[in-house]
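The chain contents come next:
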Amino acid sequence: MTGTPELVAAVRSAKQYLTYVSAGPFQYAVAEALALPDAYFDDFRADHRRKRDLLGDGLRAAGFEVYRPRGTYFITTDIAPFGEKDAYAFCRALPERCGVVAVPVSVFYDDPEDGRSQVRFAFCKRDDVLHEAAGRLRRLAP
């Protein structure tokens, strides 16, 4: 999209909250998924728990304080143990520092200061990607 800086900023802000929202056309897919056997969902949950634990263990080994999630495919961490206080700056520098990306959690707060030192990592990835990311993040260990 193009427009004035104010308009682009407003659209970017709104899009941030719409990315993970299911639109009407996806409801047909949801209906099909609900017809799948329970074993499919049991295996899905077990696989995601395993991936959550794989990345969580890797993040802890790298020195992050990890908040263990129970219902998402993101792990929230605190970057304060690294002497970092600004999640935006940390996330902007992270790809260059070690080739990994994270999202500053403060974008989800009414008052961004509340989540200023927190970032989140997605664990809905292949195992080899999670192992590689954990290894790269260990370079940051205090």
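Residues numbered from 1 in each chain as written. Predicted model: local features only at pLDDT ≥ 70, side-chain atom pairs only at ≥ 80, totals over all residues. Heavy atoms only, no water.

Caption draft 1: Layout of a nonpolar patch on the surface. Taken together, the side chains of Met-1, Leu-7 and Val-11 define a hydrophobic patch exposed on the protein surface, amounting to about 280 Å² of accessible area. Structurally, the position occupied by Met-1 is in the segment before helix H1 (5–18). Residue Met-1 is classed as exposed on the basis of its relative accessible area, which comes to 58%. (Patch = residues over 30% accessible without salt bridge, like charges linked within 9 Å, V, L, I, M, F, W, Y side chains within 5 Å. Areas by Shrake-Rupley, 256 points an atom, 1.4 Å probe, with all protein chains shown as cover. Salt bridge = Lys/Arg side-chain N within 4 Å of Asp/Glu carboxyl O. Helix = DSSP H or I, 4+ residues; strand = E, 2+ residues; numbered from the N terminus. Buried < 20%, exposed > 50% of the residue type's maximum accessible area, 1.4 Å probe, protein only.)

Caption draft 2: Seen up close, the confidence of the model for the chain. For the chain, per-residue confidence averages 89 on the pLDDT scale, and residues scoring 70 or more make up 94% of the total. For the chain, the element scoring lowest by mean pLDDT is H1, at 79; strand S4 (residues 118–122) scores highest, at 96. (pLDDT = per-residue confidence, 0-100.)

Caption draft 3: Seen up close, the packing of aromatic side chains. All told, the structure shown has six aromatic pairs when counted by the stated rule. Their ring planes at 80° and their centres at 5.6 Å tell us that Phe-64 and Phe-121 sit as a pair that is edge-to-face. One end of the pair, Phe-64, is in the loop between helix H3 (38–61) and strand S1 (65–67); the other, Phe-121, is in strand S4, and 57 residues separate them in sequence. Judged by its relative accessible area of 3%, Phe-121 is buried. Three or more aromatic residues joined by ring pairs make a cluster, and in this case those are Phe-64, Phe-82, Phe-90 and Phe-121. Across the ring face of Phe-74, the terminal group of Arg-120 is positioned such that the distance to the ring centre comes to 3.5 Å. (Phe/Tyr/Trp six-rings, centres within 6.5 Å; stacked < 30°, edge-to-face > 60°. Lys NZ or Arg CZ within 6 Å of the ring centre and 35° of its normal.)

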